[in-house]
Amino acid sequence: MNAFAPVQFPAPADPSPVSPLPSALEAEQALLGSVMFENAVLARLGEAPTPAEFGEPYHARLWEIVVSLIGRDRLAEPTSLVARLSADPAYEAFGGLRYLADLVDKAPPAANAPDYARQVRDAARRREIIRIAGEAAQAARDPEQEPFSVITETDAAMSALLVAAAPDGHTLIGARDAAIDLVRALDHEAETGSSAGIMVGLDCIDDSLLGLFPNELLILAGRPSMGKSGLARMIAMQGARRNPGHLFPIFALEMDRRQLSRRTLSQLTYEAGRGLPYRDMKRGSDVSADDRAMLDAMTKRVPENLILDDTAVLSIEHIERRLISLSRRGKIGLAVIDYLQIMDLSALLRMGVNLTTALGMVTSRLKRLAKQLGCTILLLSQLSRKCEERDNKRPQLGDLRDSGAIEQDASSVLFCYRDSYYLEREGPRRNQSREEHELAVAASHRIMEVICGKSREGPIGTTRQIYLAEFDVIENMGMGR
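Residues numbered from 1 in each chain as written. Predicted model: local features only at pLDDT ≥ 70, side-chain atom pairs only at ≥ 80, totals over all residues. Heavy atoms only, no water.

A separate point is the overall build of the chain. The number of helices and strands found in the chain is 18 helices and 9 strands. Residues classed as buried in the chain amount to 46% of the 481 residues present. Within the chain, contacts between residues at least 6 apart in sequence are counted, and of these 69% link residues at least 24 apart. Total accessible area on the chain stands at roughly 25400 Å², and carbon and sulfur atoms take up 52% of it. (Helix = DSSP H or I, 4+ residues; strand = E, 2+ residues; numbered from the N terminus. Buried < 20%, exposed > 50% of the residue type's maximum accessible area, 1.4 Å probe, protein only. Contact = heavy atoms within 4.5 Å. Areas by Shrake-Rupley, 256 points an atom, 1.4 Å probe, with all protein chains shown as cover.)

Written out as structure tokens, the structure is:
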């Protein structure tokens, strides 16, 4: 192509020693000229640059008008642009109609237009890399900024740029090839007996969700005393025992490591046939020598891949930092977070957002983290009191407290519900005798309903589990002793 005379810009009053930002001025001129010469070229570009990707603001405005006209089946050529550009201060500075005509007169062959479009996009991405790096450098110098926050924010910005800059086909696969890959995976699972999902031995997970799958955010919600923390611990415990090649961290705010350990050991003593309620372990003087010897033996059965984190302040940054660090030690199968509404949201609230928006930001980041690490994240959540105002107190999706984006981000939403909790406190219901009430209490005493309120890849419904509260044990129906 014929070289364009470079546009002369006034020199800054105080020249900076910093190298100029990458630009593709001649490529922008060539692309504009090609498309104005033959409007059909725009459709042959594949991925056309956006106006924001043009380094010269006047070219960006010109490109926006050209693309808009072509999109409305209008002719985009120099004379049709004059009326729309004449009020633009840069129009005369760049030479008015003469500049537009020069762009068309010196336009390269249409076949070269995709290459000029690529040069425009590449220069824009280089400028974006420099911008992100500059902001990271500035934030890193700020003593008020936590280093990990700077790293995660920079990583998120770079990840978004990575997706935008990926070569054509980098994340694309033909539908037929994807289907073939799936069938091969199914054949492998059938031959080996393995599954893409992690099984934990509880019907509410294995049957209802077909296991725990990577890249998913699960929500487990319930009112207080429904047993959601117990169910979450049991899922992690059973998952760790059945899947020794994976790590199963629990981030607990409501319980410290001693409380979690009491429940774990109580479960193991129950399974060994000598159930010791976890409340009986609060004081060593209340535990007999024989029981202490039994507990010592049970410690050897606690899976080493079950990891406890009982930090006093749990923030999304802490979780990201710990899980990324833990992933370097081994593959994470499931991470449990207990629970959303008592997490430290101060860093997010300082940004000026409300509580609902902050909670939504947390779930979005956890969803992204699950995908980044290829694991399942089980996030516990409190429910509003609305469900207790109904005759049927079984939770619904609308009961998610400060829900925001919680339901939207979740792959599945599970609810814990124990009817016995309300029956024991409310007494006989309308048209129910005391004897009938006592029978209802007895029938529901050990029952936990796990309600699947949302599942992206399966049916919704209710699974009934046995809940042995004194041992913090949850079993499948028919297993209780």
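With that settled, consider the confidence of the model for the chain. Per-residue pLDDT for the chain averages 85, and the proportion of residues at 70 or more is 89%. Ranking the elements of the chain by mean pLDDT puts helix α8 (residues 175-192) last with 69 and helix α10 (residues 228-242) first with 95. (pLDDT = per-residue confidence, 0-100.)

The next point concerns the pairing of strand β7 (residues 447-455). Burial analysis of β7 places 9 of its 9 residues in the buried class, the great majority of the element. Looking at chain direction, strand β6 (residues 412-417) and β7 are connected through 6 bridges and run antiparallel. Paired with L414 across the two strands is C452, which belongs to β7. Summarising the sheet, β7 and strand β8 (residues 461-468) pair through 6 bridges and their orientation is antiparallel. Across the sheet, residue M448 finds its bridge partner in β8, namely Q465. Between β7 and β8, which follow one another and run antiparallel, lie 5 residues. (Pairing = 2+ DSSP bridges.)

A word on unusual backbone geometry. Note that the residue after D338, namely Y339, is joined by a cis bond; omega there is 0 degrees. Position of Y339 relative to the elements: it lies in the loop between β4 (334-338) and α14 (346-349). Even without being glycine, D73 reaches a positive phi, approximately 60 degrees. Inspection of the secondary structure puts D73 in the loop between α2 (57-71) and α3 (78-85). By relative accessible area, which is 74% here, D73 ends up exposed.

Once that is clear, we can look at the packing of helix α1 (residues 25-37) against helix α5 (residues 96-105). Where α1 contacts α5, the two axes come as close as 7 Å, and the packing angle between them is 85 degrees. Considering the angle they form, α1 stands roughly perpendicular to α5. Across the interface between the two elements, Q29, L32, G33, M36 and F37 from α1 touch Y99, L100, L103 and V104 from α5. (Axes fitted to C-alpha atoms, helices over the stretch in contact; angles between N-to-C directions. Parallel < 35°, antiparallel > 145°, perpendicular 65-115°, else oblique.)

Pairing in this open sheet of 9 strands is mixed, and the strands run β3-β2-β4-β5-β1-β6-β7-β8-β9 from one edge to the other. Where the open sheet ends on each side, the last strands, each with one partner, are β3 (306-309) and β9 (473-476). Taken pair by pair, the neighbouring strands of this sheet meet at an average axis angle of 25 degrees, ignoring direction. Relative to β3, strand β2 (residues 248-252) runs parallel, the two being bridged by 4 bridges.

This brings us to the side chain of E28. Inspection of the secondary structure puts E28 in helix α1. Buried charged residue E28 carries no salt bridge. Nearest counter-charge: R127, at 5.0 Å. (Lys, Arg positive; Asp, Glu negative; His and termini not counted. Salt bridge = Lys/Arg side-chain N within 4 Å of Asp/Glu carboxyl O.)

Within this structure, the stated rule accounts for 21 salt bridges. Among the ionic pairs, R118 bridges to D115, the shortest N-O distance being 2.8 Å. Linking R118 with D115, this pair stays in helix α6 (residues 113-141), spanning 3 residues, or about one helical turn. Exposure remark for R118: the relative accessible area of 37% places this residue in the partly exposed category.

Ranked by internal contacts, the top residues of the largest apolar core, which has 85 residues, are L231 and I377. Apart from residues no more than four positions distant in its own chain, L231 is found in contact with L202, C204, L220, C416, M448, V450 and I474. Judged by nonpolar contacts, the second largest core, of 34 residues, contains A24, M36, Y91 and A117. (Core = buried A, V, L, I, M, F, W, Y, C linked by side-chain atoms within 4.5 Å.)

Before going further, it helps to examine the side chain of R127. Among the structural elements, R127 can be located in helix α6. When neighbours within four sequence positions are excluded, R127 is seen to be in contact with L21, P22, S23, E53, F54 and G55.

Sheet topology places β8 next to β9; 4 bridges connect them, and they run antiparallel. Each residue of the ladder has a partner; that of Q465, found in β9, is N476.

Another aspect to go through is α2. If you check α2, its first and last C-alpha atoms are 21 Å apart, about what 15 residues at 1.5 Å a residue would give, namely 21 Å. What α2 keeps buried is the set Y58, H59, A60, L62, W63, I65, V66, L69 and I70. Its side-chain oxygen 2.8 Å from the backbone nitrogen of Y58, E56 forms the N-cap of α2. Positioned one or two residues after α2, D73 has a phi angle of 60 degrees, which is positive. (Expected span 1.5 Å × (residues − 1). Polar contact = N/O pair within 3.5 Å; in protein donor to acceptor, adjacent residues only side chain to side chain.)

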